[in-house]
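Reading the structure
Below are the chains, spelled out letter by letter.
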Amino acid sequence: VDHAFQEGRYAGWYYGRDHKAKIVIGKDTRRSSYMFEYALVAGLTASGADAYLLHVTTTPSVSYAVRTEDFDCGIMFYDNGIKLLNGNGQKIEAEVEERIEAYLDGEIEELPLATREDVGRTIDFASGRNRYIGYLISIPSRDFKNIKVGLDCANGSSSAIAKSVFDALRAKTYVINNQPDGTNI
């Protein structure tokens with residue numbers, strides 16, 4: 001949690017040096033993702049960035065949102081870790097990753113805190129996940145009418161979107177392991 005806060009502090013400061021940073025965040029279904037998300041958001045907003053929450057979603061949806069919605073970067077919590085994506089929706093550059101690690105290790109001086117109107121905001125951005133679902137539905141060149149599709153979502157992030165995509169494509173969708181409780185992933 002401390003690292004999530006510090007990564008938020010650095011990312012919010014780094015991407016917001018010349019403008020108000022916009023950072024989109026997704027998480028997996030682990031119970032720990034909630035505390036990591038809130039710690040990260042506290043760091044981001046304390047550095048002046050606006051944090052947009054996709055909630056439980058997949059890494060590709062975070063990448064899609066970054067690329068199509070003009071975000072400075074994206075962050076995904078997975079396997080109790082943090083994955084940062086650049087403005088193109090790809091893994092952040094090694095140079096930025098090294099700077100974040102140096103900040104975490106105390107090798108970079110403390111960053112200024114945002115004050116008053118410069119403090120960042122948290123925005124519910126579930127609509128971004130819905131746009132990603134729409135994008136997935138638009139990809140096939142035909143519908144899946146009368147095609148049987150079996151999905152094992154492993155109680156993970158895809159539990160939130162997989163069935164709705166195949167249902168929209170008119171598939172006969174059979175799903176197992178799509179009832180995550182935070183500990184059964």
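Everything discussed here concerns the structure shown above.
A brief look at the structure comes next. Positions within a chain are numbered from 1, following the residues in the order the chain's sequence is written. The predicted nature of this model means local features are confined to residues of pLDDT at least 70 and side-chain atom pairs, given and counted, to a pLDDT of 80 or more, with totals for whole chains, interfaces and linings taken over all residues. To obtain the side-chain values, all non-hydrogen atoms of the structure were included, while hydrogens and water were left out.

Considering the packing of helix H3 (residues 59–68) against helix H5 (residues 126–138)
Note on geometry: axes are lines fitted to C-alpha atoms, helical ones only across the stretch in contact, with angles between N-to-C directions running from 0 to 180 degrees. By the criteria applied, helices consist of DSSP H or I runs no shorter than four residues and strands consist of E runs no shorter than two, each listed in order from the N terminus. Packing of H3 against H5 leaves a shortest axis separation of 9 Å and a crossing angle of 100°. Classified by the interaxial angle, the pair formed by H3 and H5 is roughly perpendicular. Contact with H3, carried on its side by Pro 60, Ser 61 and Tyr 64, involves Arg 131, Tyr 132 and Tyr 135 of H5 and no other residues of that element. Orientation categories follow fixed angle ranges, with anything under 35 degrees roughly parallel, anything over 145 roughly antiparallel, 65 to 115 roughly perpendicular, and all other angles oblique. Contacts are assigned to residue pairs with any non-hydrogen atoms lying within 4.5 Å of each other.

Thoughts on the environment of Asn 155
Examined against the element boundaries, Asn 155 turns out to sit in the loop between strand S6 (148–152) and helix H6 (162–168). Spatially, the C-alpha atoms of Asn 155 and Asp 181 are 7.9 Å apart, while their sequence positions differ by 26 residues. Setting aside residues no more than four positions away along its own chain, Asn 155 makes contact with Thr 29, Asn 177, Asn 178, Gln 179, Pro 180, Asn 184 and Ile 185.

Some thoughts on the pattern of salt bridges
Salt bridges, as used here, are contacts in which a Lys or Arg side-chain nitrogen is within 4 Å of a carboxyl oxygen on Asp or Glu. Tallying each qualifying case throughout the model produces ten salt bridges. Where Lys 27 meets Glu 37, a salt bridge forms, and the shortest distance between an N and an O atom there is 2.7 Å. One end of the pair, Lys 27, is in strand S1 (residues 22–27); the other, Glu 37, is in helix H2 (residues 32–46), with ten residues separating them in the sequence. Look at Lys 27 and you get buried, because its relative accessible area is 2%. Between Asp 50 and Arg 121 there is a salt bridge; the shortest N-O distance is 3.5 Å. Taken together, the positions of Asp 50 in strand S2 (residues 50–56) and Arg 121 in the loop between helix H4 (94–104) and strand S5 (122–124) put the pair 71 residues apart, joining distant regions of the chain. Via salt bridges that share partners, Asp 28, Arg 30 and Asp 79 belong to a single interconnected network. Only protein chains enter the accessibility calculation, which uses a 1.4 Å probe. A residue is then buried if its area is under 20% of the maximum for its type, exposed if over 50%, and partly exposed in between.

Side note on a negative patch on the surface
On the surface, Glu 98, Glu 101, Asp 105 and Glu 107 cluster together into a patch of negative charge. Positionally, Glu 98 belongs in helix H4. Two distance rules govern patches: like charges are joined within 9 Å, and nonpolar side chains (Val, Leu, Ile, Met, Phe, Trp, Tyr) within 5 Å, applied only to residues with over 30% relative accessible area and no salt bridge. Shrake-Rupley sampling with a 1.4 Å probe provides the accessible areas, and residues are treated as covered by the protein chains on show and by no other component. For the purpose of charge, His is not counted, nor are the chain termini; Lys and Arg are scored as positive and Asp and Glu as negative. In plain terms, the charge of a residue is placed at NZ if it is Lys, CZ if Arg, CG if Asp and CD if Glu.

Focus on the environment of Glu 101
Counting through the fold element by element, Glu 101 comes out in helix H4. For Glu 101, a relative accessible area of 41% translates into the label partly exposed. Along the backbone, Glu 101 and Thr 58 are 43 residues apart, and their C-alpha atoms lie at a distance of 25 Å.

Quick notes on the pairing of S2
Burial of S2 is extensive: six of the seven residues sit out of reach of the surface. We treat two strands as partners when DSSP finds at least two bridges between them. The pairing of S1 with S2 spans six bridges and is classified as parallel. Residue Ile 23 lies in a different strand from S2, and its bridge partner there is Ala 51. Handedness of the β-α-β unit built from S1, H2 and S2 comes out right-handed. Summarising the sheet, S2 and S5 pair through three bridges and their orientation is parallel. Across the sheet, Ala 51 pairs through a bridge with Thr 122, a residue of S5. Call a crossover right-handed when, viewed with both strands pointing away from you, the route from the first strand across the helix to the second goes clockwise.

Topic: the sheet that holds S1
Reading across the sheet, the five strands line up as S4-S3-S1-S2-S5 and stay open at both edges, with mixed pairing between neighbours. The sheet is open, and its two edges are formed by strand S4 (81–85) and S5, each paired on a single side. Sheet twist, expressed as the average angle between the axes of neighbouring strands with direction ignored, equals 25°. Against the sheet, helix H1 (residues 2–15) touches S1, strand S3 (73–78) and S4, its axis set at about 10° to S4. Sitting on the sheet, H5 is in contact with S2 and S5, with an inclination near 55° to S2.

Points about the packing of aromatic side chains
Within 6.5 Å between ring centres, the rings of Phe, Tyr and Trp (the latter by its six-membered ring) count as paired, and their orientation is classed by plane angle as stacked under 30 degrees, edge-to-face over 60, tilted in between. According to the stated counting rule, one finds twelve aromatic pairs in the structure shown. Here Tyr 52 and Phe 71 contribute two aromatic rings whose centre-to-centre distance is 5.0 Å and whose plane-to-plane angle is 70°, an arrangement assigned as edge-to-face. In this pair, Tyr 52 sits in strand S2 while Phe 71 sits in the loop between H3 and S3, placing the two residues 19 residues apart along the sequence. Of the two residues examined, Tyr 52 and Phe 71, each falls in the buried class. Ring centres of Phe 71 and Phe 125 lie 5.4 Å apart, and the angle between their planes is 75°; this geometry places the pair in the edge-to-face category. Placement of the pair is Phe 71 in the loop between H3 and S3 and Phe 125 in the loop between S5 and H5, with a sequence separation of 54 residues. When sorted by exposure, Phe 71 lands in the same class as Phe 125, which is buried. These aromatic residues form a ring-pair network of at least three members: Tyr 10, Trp 13, Tyr 14, Tyr 15 and Tyr 103. The ring of Tyr 14 is capped by Arg 17, whose NZ or CZ atom sits 4.1 Å from the centre of that ring. Stacked on the ring of Tyr 52, the Lys or Arg Lys 22 has its end atom at 5.5 Å from the ring centre. Charges are assigned to positions over rings by a cutoff of 6 Å between ring centre and Lys NZ or Arg CZ, combined with an angular limit of 35 degrees from the ring normal.

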